[in-house]
Amino acid sequence: MINEKLPQIFYGGDYNPDQWPEEVLDEDIIYFKKAGINVVTLPVFSWAKLQPSEEVYDFQWLDKIMDKLAENNIYVCLATSTAAQPAWMSKKYPEILPVDFDGRKRKHGGRVNFCPNSKVYRKMSTSLTRKLAERYKGHPSLLLWHIGNEYGNYCYCEHCEEEFRIWLKKKYKTIENLNKAWNMSFWGHTVYDFDEVVVPSGISEMWRDSGRERTNFQGISLDYNRFMSESVFNCYHEEYKIIKEITPDLYITTNLMGTFKPLDYFKWAEKMDVISWDNYPQLIDPMYVTALRHDLMRGLKNGKPFMLMEQTPSQQNWQPYNGLKRPGMMRLQSYQAVAHGADTVMFFQLRRSIGACEKYHGAVIEHVGHDNTRVFRECAKLGEELNALKDKILDSTIDAKVAIVFDWENWWAVELSSGPSIELNYLKQIEKYYKAFYDMNIAVDFVNPEWDLSKYDVVVAPLLYMVKDGVASNIESFVKSGGTFITTFFSGIVNENDLVTLGGYPGELRKTLGIWVEEIDALFPNMNNSFKLTENSIKLKDEYSCGMLCDILHLEGAKALAVFGSDFYKNSPALTLNQFGKGKAYYIASDPEEEFIRDFISHVCEEKNIFSSFEKLEGVEITERVKEDKTFVFILNHNESQVEVNLSDKEYVELLTGEKKIGKVTIKAKDLVILEK
Amino acid sequence: MINEKLPQIFYGGDYNPDQWPEEVLDEDIIYFKKAGINVVTLPVFSWAKLQPSEEVYDFQWLDKIMDKLAENNIYVCLATSTAAQPAWMSKKYPEILPVDFDGRKRKHGGRVNFCPNSKVYRKMSTSLTRKLAERYKGHPSLLLWHIGNEYGNYCYCEHCEEEFRIWLKKKYKTIENLNKAWNMSFWGHTVYDFDEVVVPSGISEMWRDSGRERTNFQGISLDYNRFMSESVFNCYHEEYKIIKEITPDLYITTNLMGTFKPLDYFKWAEKMDVISWDNYPQLIDPMYVTALRHDLMRGLKNGKPFMLMEQTPSQQNWQPYNGLKRPGMMRLQSYQAVAHGADTVMFFQLRRSIGACEKYHGAVIEHVGHDNTRVFRECAKLGEELNALKDKILDSTIDAKVAIVFDWENWWAVELSSGPSIELNYLKQIEKYYKAFYDMNIAVDFVNPEWDLSKYDVVVAPLLYMVKDGVASNIESFVKSGGTFITTFFSGIVNENDLVTLGGYPGELRKTLGIWVEEIDALFPNMNNSFKLTENSIKLKDEYSCGMLCDILHLEGAKALAVFGSDFYKNSPALTLNQFGKGKAYYIASDPEEEFIRDFISHVCEEKNIFSSFEKLEGVEITERVKEDKTFVFILNHNESQVEVNLSDKEYVELLTGEKKIGKVTIKAKDLVILEK
Amino acid sequence: MINEKLPQIFYGGDYNPDQWPEEVLDEDIIYFKKAGINVVTLPVFSWAKLQPSEEVYDFQWLDKIMDKLAENNIYVCLATSTAAQPAWMSKKYPEILPVDFDGRKRKHGGRVNFCPNSKVYRKMSTSLTRKLAERYKGHPSLLLWHIGNEYGNYCYCEHCEEEFRIWLKKKYKTIENLNKAWNMSFWGHTVYDFDEVVVPSGISEMWRDSGRERTNFQGISLDYNRFMSESVFNCYHEEYKIIKEITPDLYITTNLMGTFKPLDYFKWAEKMDVISWDNYPQLIDPMYVTALRHDLMRGLKNGKPFMLMEQTPSQQNWQPYNGLKRPGMMRLQSYQAVAHGADTVMFFQLRRSIGACEKYHGAVIEHVGHDNTRVFRECAKLGEELNALKDKILDSTIDAKVAIVFDWENWWAVELSSGPSIELNYLKQIEKYYKAFYDMNIAVDFVNPEWDLSKYDVVVAPLLYMVKDGVASNIESFVKSGGTFITTFFSGIVNENDLVTLGGYPGELRKTLGIWVEEIDALFPNMNNSFKLTENSIKLKDEYSCGMLCDILHLEGAKALAVFGSDFYKNSPALTLNQFGKGKAYYIASDPEEEFIRDFISHVCEEKNIFSSFEKLEGVEITERVKEDKTFVFILNHNESQVEVNLSDKEYVELLTGEKKIGKVTIKAKDLVILEK
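Residues numbered from 1 in each chain as written. Chains lettered and ligands numbered in written order. Predicted model: local features only at pLDDT ≥ 70, side-chain atom pairs only at ≥ 80, totals over all residues. Heavy atoms only, no water.

(A) Here's a closer look at the relation of the copies chain C and chain B. If you rotate chain C by 120 degrees and push it 0.0 Å along the axis, it lands on chain B with an RMSD of 0.0 Å. Such a combination of turn and shift is consistent with a three-fold rotation axis. Distance from the rotation axis, computed per C-alpha, reaches its smallest value in chain C at R104 of chain C: 5.2 Å. (Least-squares fit on C-alpha atoms with pLDDT ≥ 70 in both.)

Set out below in structure tokens:
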């Protein structure tokens, strides 16, 4: 849905004129225009200025800014400023301040440092939001809304404990149901009243070990994660409802953080008009990981275009090593976002702050204060290009035949597990399988396991440990109807309360997969095993190494495509295929080396006739966005040297230059082409 | 003392039928019978079910279980269920909840999460125990008692502080004595009233560093360890006294944890009718470490048979890597326990739990719920064998000529020491010397340094840092009468309050050892020194490497068997021998490589004519248990391949098969023979 | 200023007769005389004995000790005993106890465990001090004063919070000034009242990461460091003022700790009559690091002789590995202190304590209790030598042509920085540059950047990140007048509030250096770059490696002596030289390998005609102290073997032997000569 006010790619970023003398705004506007910036996000952290005391609000300074921006045709992504309450508020109402995992009551400081269940916070934040919405609802510069900022504030205070009990009562109705769901007879935990439930934290059921939160009671901790994700969401949602009531036609968002574990973004997405997120790869991160995050963010709203709300023009400050983005990288990464479905390119930040912890975070306008810098020039060049693109690619989408199942609750459950191996890492498994498709330039959607899967040819669900109500039958129908389903070791083990599905692993998936897993061996870091392909198997290498977990399984209809190469379960099935209905269900019974995954996924894609139209080139990323009858092909060269891509005999128009392209096209290092067909 | 009710090896384990629907019990009994299980431990964690509120007790569900087990001739190791108080109790009486080392008041959760000095806990736990004892005292299935579970709960709360002061007053009588014992004039710590004493913890005198607790005042911290070990013991002992009063003829135990540092098990053992312990080796742990723990546990009651209360049938869940016990390993490790003096073989757990943190801990009956599993088959086979053994080996004991001194208070003191080296690790030194005997299949007893040593030929006391009242004279008489005594660097340094014995190291041992240690050098990790054997020395290699600490010592009657090979104390004595009375006292003035210890111990055994009747074979463990005129030889093959053991010309009966054996006997991989002579 | 009472090198150390039976004092005095000991420091930790309760003081035991020492002509460095308050005081007035960084209220224990802003502590400590001063002011043994002990106690309690607000009010006058200085509009931190300011700690703005304190608000944290350094100083200073009033002619000191980060020792030094410090190198520390610390301590009072208040005669106890000082090392290190400006040699401790955490810390009199030990013999030999030196070298000073800028506030600021690299380490950079001079035996002074620099030829200011008011102009005049100034990457960035100097890095130093730094790249640990010397450059090697940070800079008058060898800023300047006025200003735009610094510093010294009169020998340290027309040359041989030093044709008198020396002089391993000219 193209925005009528600004029917082109939004280009701009976070801007904090209230941190500067008034005259700086005028200077900045000149630079914004030079850079082609058309949107600024503000005021993200100005609650203390907007509300100097409980009774007093001050919007005049903001009026001035908004007006001046409007005069200059710069639009505003209006932030509600509720991510950091004023110091006076924390002082007057200490209940706002959270208690951390270790049981420590926090003092005022930092940001997003409030208890999400604080009634005072909720009242104060919604009051401010209402005033902002009422005041600026018709303002010419107002383009869309930005609530809070990078939410993620778990709390463990007594007030949260109270609310948790109410939440549980609503969910479980009776104490018997709760005792059962959490298996409370274990370790004599049976409770007789909801009031006996204690918040799981570092001073009750949990502890931290090797950087991970561990628990005695997975059920309690899972529910607390759900409750906290929902509590924080409610902070967002209460503001959302007010804004929606006052400006029903404007988009509302909040900036998400990609693969951020504490919040179940699928749930959040239901009440976000558009997804926006902050992309902060380290200089050394592989490109496929960034691509994955874009695809996941796009997946939250089932493929709708999203916003790149923040990225740095040059360097970050909070990483251990904050390398500069090399020339061309910022532009290339901006287009990578677009190539994966973004319709905006925005920065944190437009002007570098003078003090406090983010002053060494890159900005369009650096500390030197003028535009004669490499960074500004690169930003200005990109701005010019994006403006020239007009509304061309807006609203185009990505058409994927492959989906990877992603589930926050499963993520939590897998990593709260006590045993079999500390190496269990949900994201790493997701990344491994995603990479195989990425390397072949095959588009991938991320999906919630409860969604309709029928439009996909292949669904991969790595580590589908937790199988929630309806998920097994969803997968079953997908396979029955001809889909190819792939899952791995440690899948199908528990229900949504982390209670084991008795009767044999992989529980509810057993039928579809045609196997029974009797035992799960955990290998020490220096141990490994291997996949040996069976004779009547698919065409891969003879043997691949594997490790971490090895299932000892029995075939119940499936056939073994590979068996283990050693240990006492040598020759027991390691890779199985079950023909089920019209489809196929694969089970990968260990954690194989990357090469296996590549070959195996390649084989499956071949089976399903899924391929990229372009030959594969190392370091070259290719995606396609489609709109009506148009296709936009993005070819990104992440290499340090130029590449030649063969377009064969199709003719394209290169969007950035307007040139026609056919046959071989040369792309310089860190450069790209966007081809329209 | 063979149990009249069940005059055979107890076989069974922890069982939690109250965590399952009622009908599961019937199923389980069928499986128990199939598996030869004759004892179940229960209800370990059922306090909340047994006492739903302060006034209400509910034993009916337990009656049913006890009765049904009785009907089926399955005995019960009856647990008092006091290891985890109900949630309602923690809520009603927050004083029960402990304060941790870091000064944080804990909330309800986990297990063994109570203040050992809580008066409410003591009252409530003994009330429950009394009711259980009264109710089941004559029950046909009641075989023995199991108090609490894996105690170890240090607390640092204000109530403990109060009790600590009372304990100190009783121990020291006057404040002057306390000031002296703790050397309180150091750092101006002099106190004028017992009320000024503060519990040593992470917010007063102590801190944690590299995973170890450090302290400013060793004397205070040592006494607090003593006080805590005793406080926790009192929780056990109060229940013990009640049960003993009501069922004087039944054995009472609690499950210990091997080399568990916080509790002085020698003190505990005095009030345990039989030692029981939980054996949880990791898959990669060397076998001698497990053997050591069995021997230590046997030593607690001076050689009496003990119970293997818990081991896993297959895998654990709480280790970082929870590998499966390979086929045969569970059986072999069960017999290893018996070979070292156990008269029972029991598991945690009989049925895998459906939820919470131990659901991936192995069990006789796995999640699949039937007996068609490798694990069940192995358990059933073992059950059959053990039942066939009848009372054959029961009450037989091990006759060792070698003792290793083990002392919890010394352990605490060594590792609380500030200097000379962070590498000081009591257990590692114990293990090093134990291993030398183990590798030669020479039986070792573990003894308290205050015990009569006269029955031993050789006594080894590694790192005998703390020499308590009477210990030096005990050792002196042992040597005088012809015994061989071996000790090491950093021995004889302090008295029981960790006050240095002035006048020259090794203090009270100086006379027996015939040396004066002038200085103690601490080597950095990349430094080492060596033992160079002197000409008139024993027959070992010419030189061995050594490290960590090096004593610079003077001979005062002893002679040097080896000298240091380098540094400014090159050629000063490194290994000394003092002929003292009819015996010998060796001093090892540094931490030598394993090979030296092997050769040296071998030499000493040769001197004392101590040897195994069997040739040494890599990976083959041999022990002997004797009863009246019978000897039972256990030959365990821990290797992955078969071995041939030469019995020479003695004739034996193989207990498991009834076959006669003479000459060479072949033992398969992970297999064993038990030979009767 | 030679002390009239004891006009020679003070020799002695910390002594705690109150920790021993009375008769031990008599024994000790005999040993002190044997060892040539003429000063003892006491009573450092005897507050609890001096004041058994609030109303009662007891000095009689101290009178006896003081008198007996006087009788034996042993002087006393009288300690005020206020480093550890009595337990009764902590109990009676819990406000004395501090709150730690993590927000935990401490309990009594340890030492220096009081809130520096506690009014009770201040009142109690000054009362005791006044009584001590009044009582002993005319005592014949009283030589000088020692206040407290190793101060360093930061606190985060509510009382400190109150005092911090008062301090801020005094400093900033208005809340607007404070908001500006801390850039509080960032993250909406604007405060409207000083009461809204929260102490920065682990539960508000800060956290710990990789052993370093991190913060959200550098300005707040910096000011808190300043406030805490000053608060702790005030504890010292309040005692100082009382003593000065009562004994105006006696020196007053407190023992500092070298490169100790929490306290701004330059500020402290202003109210210390003489600097004293505790020197505790590990056995493996390189000698130049100890030399640096001596020089820094000497620098605190602009070159005046200082006291070596503590060192261990043999080993420490609180390091991970406490190796013995090898024979000769104690003596050599003692003379190293003298060689760098010390006029005393003192130990911790004279007699080893019997219990608590320092009992394994070396002492002149060891646990054995007699003088027949290597350590005692070495101490006695040194005592004899020092006594023989009489007042010869007293009050002589070091004449350095080179200064290194050292600034505690800059240290704090650099390491509180969030970005660009976690590797930023102020001390390491200081050490790197110091080492280059040390290796050439060129004397270095450490100076406060605000001091007059005109007496130096070369001033080096590594990582001069924070440029406080007046510092830039100070450097500018230094260079203008002909000085050579050297600074590095990440210099000139911020003002004293850690606010960036806008308009281009290196801010206020830009003019003097003639450059503009546009970007600062941070390299990952496995990355590096290089310095390639330009053709018209100074004579060094062609290329040196460099890393960590690389500035991308533009020449504005300076010329490039080296350029970067790779990356996208290949060939941009890496080492620049600006001819400015009569002087030169060098900028080193990255962190080069040690070899570059050596060669570069050597080149600069050559340019300025700075050199040692002696040839350079590996492991041989040479310094010169001068007094009037005398020069004392110290030649220390740190090697394990002897060296031959060429004195060429000058004639010297060897002070320790009285021999004349000319030509080649041989110095044994770990030996030294002191030559008078």
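And the narrative resumes.
(B) Seen up close, the UniProt feature "domain: Beta-galactosidase C-terminal" (unreviewed entry) in chain A. Mapped onto this numbering, the UniProt entry gives "domain: Beta-galactosidase C-terminal" (unreviewed entry) at residues 619-676 of chain A. Segment residues 619-676 of chain A splits into 0% helix and 59% strand. End C-alpha atoms: 22 Å apart. (UniProt positions renumbered as here; feature names shortened; annotations may be inferred. Helix = DSSP H or I, 4+ residues; strand = E, 2+ residues; numbered from the N terminus.)

(C) Just helix α5 (residues 119-136) of chain B, in detail. Residues and elements named next belong to chain B. Taking 1.5 Å of rise per residue, the 18 residues of α5 would be expected to cover 26 Å, and the 26 Å separating its terminal C-alpha atoms lies within 8% of that figure. If you follow the buried residues of α5, they end up packed against α2 (47-50), α3 (60-71), β3 (75-79), α4 (87-92), β4 (142-146) and α8 (218-246). Structurally, the start of α5 carries an N-cap: the backbone nitrogen of V120 is 3.3 Å from a side-chain oxygen of S118. (Expected span 1.5 Å × (residues − 1). Contact = heavy atoms within 4.5 Å. Polar contact = N/O pair within 3.5 Å; in protein donor to acceptor, adjacent residues only side chain to side chain.)

(D) Representation of the interface of chain C and chain B in the model. Counting residues at the interface gives 48 residues for chain C, matched by 55 residues for chain B. For the chain C and chain B pair, buried surface summed over both sides reaches about 4,600 Å², with 58% attributable to carbon and sulfur atoms. Of all residues in chain C, K107, Y321 and Y360 of chain C give up the largest surface area on contact with chain B, accounting jointly for 17% of the area buried on that side. D102 of chain B is the salt-bridge partner of R104 of chain C, the closest N and O atoms lying 3.5 Å from each other. Linking chain C with chain B are 31 residue pairs in polar contact (both at pLDDT 80 or more). Counting only elements with at least two residues in the side of chain C that touches chain B, the list comes to α2 (47-50), α4 (87-92) and α12 (374-389) of chain C. Take the side of chain C that touches chain B: its biggest share by element is 3 residues, from α4 of chain C. Tallied by class, residues from the side of chain C that touches chain B come to 20 nonpolar, 15 polar and 13 charged. (Buried area = accessible area lost by both parts, 1.4 Å probe. Salt bridge = Lys/Arg side-chain N within 4 Å of Asp/Glu carboxyl O. Nonpolar A, V, L, I, M, F, W, Y, C, P; charged D, E, K, R; others polar.)

(E) A look at the packing of aromatic side chains. In total, this model carries 150 aromatic pairs over all chains according to the counting rule given. For the pair Y288 of chain C and Y438 of chain C, a centre-to-centre distance of 6.3 Å together with 50 degrees between the ring planes defines the contact as tilted. Linking Y288 of chain C in helix α10 (residues 287-300) with Y438 of chain C in helix α14 (residues 426-439), this pair joins segments that are 150 residues apart in sequence. It is K435 of chain A that lies over the ring of Y288 of chain A; its NZ or CZ is 5.6 Å from the centre. We note R351 of chain B situated over the ring of W20 of chain B; from NZ or CZ to the ring centre the distance is 5.2 Å. (Phe/Tyr/Trp six-rings, centres within 6.5 Å; stacked < 30°, edge-to-face > 60°. Lys NZ or Arg CZ within 6 Å of the ring centre and 35° of its normal.)

(F) How the structure looks around the UniProt feature "binding site: Zn(2+)" (unreviewed entry) in chain A. All names here are of chain A. The feature "binding site: Zn(2+)" (unreviewed entry), as given by UniProt, occupies C115, C155, C157 and C160 in the numbering adopted here. For the residues just named, distributed over 46 residues, the greatest C-alpha separation is only 7.8 Å, placing them together at one site. Tracing the backbone through its elements, the reader meets C115 in the loop between α4 (87-92) and α5 (119-136). Overall, C115 belongs to the buried group, its relative accessible area being 0%. The contact partners of C115, leaving out residues within four places of it in the chain, are E95, I96, L97, P98, Y121, C155, C157 and C160. As for its placement among the helices and strands, C155 is situated in the loop between β4 (142-146) and α6 (158-172). Discounting residues that sit within four places of it in the chain, C155 has contacts with P98, V99, C115, P116, C160, Y224 and M228. (Buried < 20%, exposed > 50% of the residue type's maximum accessible area, 1.4 Å probe, protein only.)

(G) Spotlight on the interface of chain A and chain C. Facing the 48 residues of chain A at the interface are 55 residues of chain C. Interface area lost by chain A to chain C is led by K107, Y321 and Y360 of chain A, which between them contribute 17%. Applying the counting rule to chain A against chain C returns 6 salt bridges. E519 of chain C is the partner of R374 of chain A in a salt bridge, and the nearest nitrogen-oxygen pair spans 2.8 Å. Here chain A and chain C share 31 residue pairs in polar contact (both at pLDDT 80 or more) between them. At the level of elements, α2 (47-50), α4 and α12 (374-389) of chain A are the ones that each hand at least two residues to the side of chain A that touches chain C.

(H) Seen up close, the nonpolar core. Core analysis: the largest hydrophobic core is formed by 681 residues, its most contacted members being F600 of chain A, F600 of chain B together with F600 of chain C. Beyond its immediate chain neighbours, meaning those up to four positions away, F600 of chain C contacts I486, I538, L540, L575, Y586 and I588 of chain C. (Core = buried A, V, L, I, M, F, W, Y, C linked by side-chain atoms within 4.5 Å.)

(I) Representation of the sheet that holds β4 of chain A in the model. Residues and elements named next belong to chain A. Taking strand neighbours across the sheet as the criterion, the 6 strands line up as β7-β4-β3-β2-β1-β11 in an open arrangement whose pairing is parallel. Of all strands in the sheet, those with a lone pairing partner are β7 (252-253) and β11 (344-347), marking the two edges. By the bridge criterion, 2 bridges tie β4 to β7 in an arrangement that is parallel. By the bridge assignment, H146 is partnered in β7 with T253. (Pairing = 2+ DSSP bridges.)

(J) Representation of the pairing of strand β23 (residues 620-627) of chain C within the structure. Residues and elements named next belong to chain C. Counting buried positions along β23 yields 6 of 8 residues, so the element is predominantly enclosed. Across 8 bridges, the pairing between β23 and strand β24 (residues 630-637) is antiparallel. The partner of R625 across the bridge, within β24, is F632. What sits between β23 and β24 in their antiparallel hairpin is a turn of 2 residues, with E628 showing a positive phi close to 45 degrees.

(K) Inspection of unusual backbone geometry at higher detail. In this structure, the amide linkage connecting F348 of chain A to the following residue, Q349 of chain A, adopts the cis form with an omega of 15 degrees. Here Q349 of chain A is to be found in the loop between β11 and α12. Going from Y505 of chain A to P506 of chain A, the amide bond is cis rather than trans, its omega being -5 degrees. Within the secondary structure, P506 of chain A is located in the loop between β15 (484-488) and α16 (510-513). Backbone geometry at D567 of chain B places phi at a positive 70 degrees, although glycine is not the residue there. On the secondary structure map, D567 of chain B appears in the loop between β19 (559-564) and β20 (573-580). A positive phi angle, near 50 degrees, is found at W187 of chain C, a position not held by glycine. Structurally, the position occupied by W187 of chain C is in the loop between α7 (175-181) and β5 (206-209).

(L) Spotlight on the side chain of R106 of chain B. As for its position among the elements, R106 of chain B is in the loop between α4 and α5. By relative accessible area, which is 16% here, R106 of chain B ends up buried. A polar contact of 3.1 Å, which involves the side chain of R106 of chain B, links it to the backbone oxygen of G202 of chain A. Setting aside chain neighbours within four positions, we find R106 of chain B in contact with G202, I203 and S204 of chain A together with L97, P98, D100 and N113 of chain B.

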